[in-house]
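Observations on chain architecture
This is what each chain is made of:
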Amino acid sequence: ESGHGTHVAGIIAATVDNEAGIAGVAPGVRIMPLRAGFNLPQGSFLEDDDIAAAIVYAVENGAHILNMSWGSPHFSPLIRDAVRFAEQAGCVMVAAAGNEGEGAVFIPARLDETIAVAAADLQNRILSFSIPGYSIDLAAPGQNILSLEPGGGYVVRSGTSMAAPHVTGLAALVLARSPHFNSTAVKGVMLAAAKDVGA
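Residues numbered from 1 in each chain as written. Predicted model: local features only at pLDDT ≥ 70, side-chain atom pairs only at ≥ 80, totals over all residues. Heavy atoms only, no water.

1. Things to note about the side chain of S147
Note on placement: S147 falls in strand 7 (residues 145-149). A relative accessible area of 0% means that S147 is categorised as buried. In terms of polar contacts, S147 uses its side chain to reach the backbone carbonyl oxygen of H7, at 2.7 Å. At 3.3 Å, the side chain of S147 forms a polar contact with the backbone nitrogen of I11. Those residues in contact with S147 that sit more than four places away from it in its chain are T6, H7, G10, I11, I22, G153, Y154 and V155. (Helix = DSSP H or I, 4+ residues; strand = E, 2+ residues; numbered from the N terminus. Buried < 20%, exposed > 50% of the residue type's maximum accessible area, 1.4 Å probe, protein only. Polar contact = N/O pair within 3.5 Å; in protein donor to acceptor, adjacent residues only side chain to side chain. Contact = heavy atoms within 4.5 Å.)

The structure is reproduced here in structure tokens:
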């Protein structure tokens, strides 16, 4: 409803070599778009039961990777259980750290089963809005990211929601090359290849 998911999907999989717009990190992957949130005049909202249902639906319908460009500072037993269900089914889960600049890394990124992604600038510096913390696994571009918007246009957005799909696209490329990898192996390969930018 807000175009957020369209923007995220474009970062992952926008068509390449069509002389238009942008190129996705992993063009050619199949996207399973699921909307668990809704918009009200006060803003966009996600409820735990809807998110959990979307995770379960994705797993039961063959998703290999879940991009979770959403989150909350509040712990949710229901989300934890859904994430564990997905992990046990072999899904790689990539989650945005959150854009509050301080405080705890958001759930689900804070959970051990996920790959927690912070947002970085072009010089590989963690952006001030990106929540820091020991839970962070990787950082990816998250500032002024051009991607798709509903209706066929393009829009620039910033946030850890934009950083996470860069990592999701990379995970898809890793799995395409090594389909026998489990989620731990995919995460390990990406961590081993990443540049260490400090605490």
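More follows now that the structure is in view.
2. Here we look at unusual backbone geometry
The omega torsion of the bond from I107 to P108 falls at 15°, within 30 degrees of zero and hence cis. Here P108 shows up in the loop between strand 4 (92-96) and strand 5 (115-120). For D17, which is not glycine, the phi torsion reads 55° and is therefore positive. On the accessibility criterion, D17 (79% relative accessible area) is exposed. Even without being glycine, N124 reaches a positive phi, approximately 65°.

3. Brief notes about the packing of helix 1 (residues 4-13) against helix 4 (residues 160-177)
Running from N to C, helix 1 and helix 4 cross one another at 35°; their axes reach a closest spacing of 8 Å. The element helix 1 and its partner helix 4 pack so that their crossing is right-handed. Counted together, H4, H7, V8, I11 and I12 of helix 1 and S161, M162, P165, H166, T168 and G169 of helix 4 form the full contact between these two elements. Broken down by class, the residue content of the contact of helix 1 with helix 4 amounts to 5 nonpolar, 6 polar and no charged. (Axes fitted to C-alpha atoms, helices over the stretch in contact; angles between N-to-C directions. Left-handed = near helix turned anticlockwise from the far one by under 90°. Nonpolar A, V, L, I, M, F, W, Y, C, P; charged D, E, K, R; others polar.)

4. Section: the pairing of strand 8 (residues 153-157)
Regular strands have side chains that alternate between both faces of the sheet. Of the strand pairs in this sheet, strand 7 and strand 8 are connected by 5 bridges, and their pairing is antiparallel. If you follow L146 over to strand 8, its bridge partner there is V156. Hairpin connection from strand 7 to strand 8: 3 residues lie between these consecutive antiparallel strands, with G151 at a positive phi of about 95°. (Pairing = 2+ DSSP bridges.)

5. A closer look at the nonpolar core
Of all hydrophobic cores here, the largest spans 26 residues; its most connected members are I55, L66, M68 and A86. Only helix 2 (48-60), strand 3 (65-68), helix 3 (77-88) and strand 4 provide two or more residues apiece to this core. The leading source of residues in this core is helix 2, at 6 residues. If we skip the residues at most four places from it in the chain, I55 touches L66, M68, W70, A82, V83 and A86. Grouped together as the second largest cluster of nonpolar side chains are 20 residues, A26, V94, L127 and V167 included. (Core = buried A, V, L, I, M, F, W, Y, C linked by side-chain atoms within 4.5 Å.)

6. Some points on helix 3
Given a rise of 1.5 Å per residue, 12 residues ought to cover 16 Å, and the 16 Å separating the end C-alpha atoms of helix 3 matches this to within 8%. For helix 3, the complete set of buried residues consists of I79, A82, V83 and A86. End-on view of helix 3: buried residues confined to an arc of 100°, all on one side of the axis. At its buried positions, helix 3 is contacted by helix 2, strand 3 and strand 4. Just past helix 3, the residue G90 takes up positive phi, approximately 95°. (Expected span 1.5 Å × (residues − 1). Arc of directions from axis to C-beta.)

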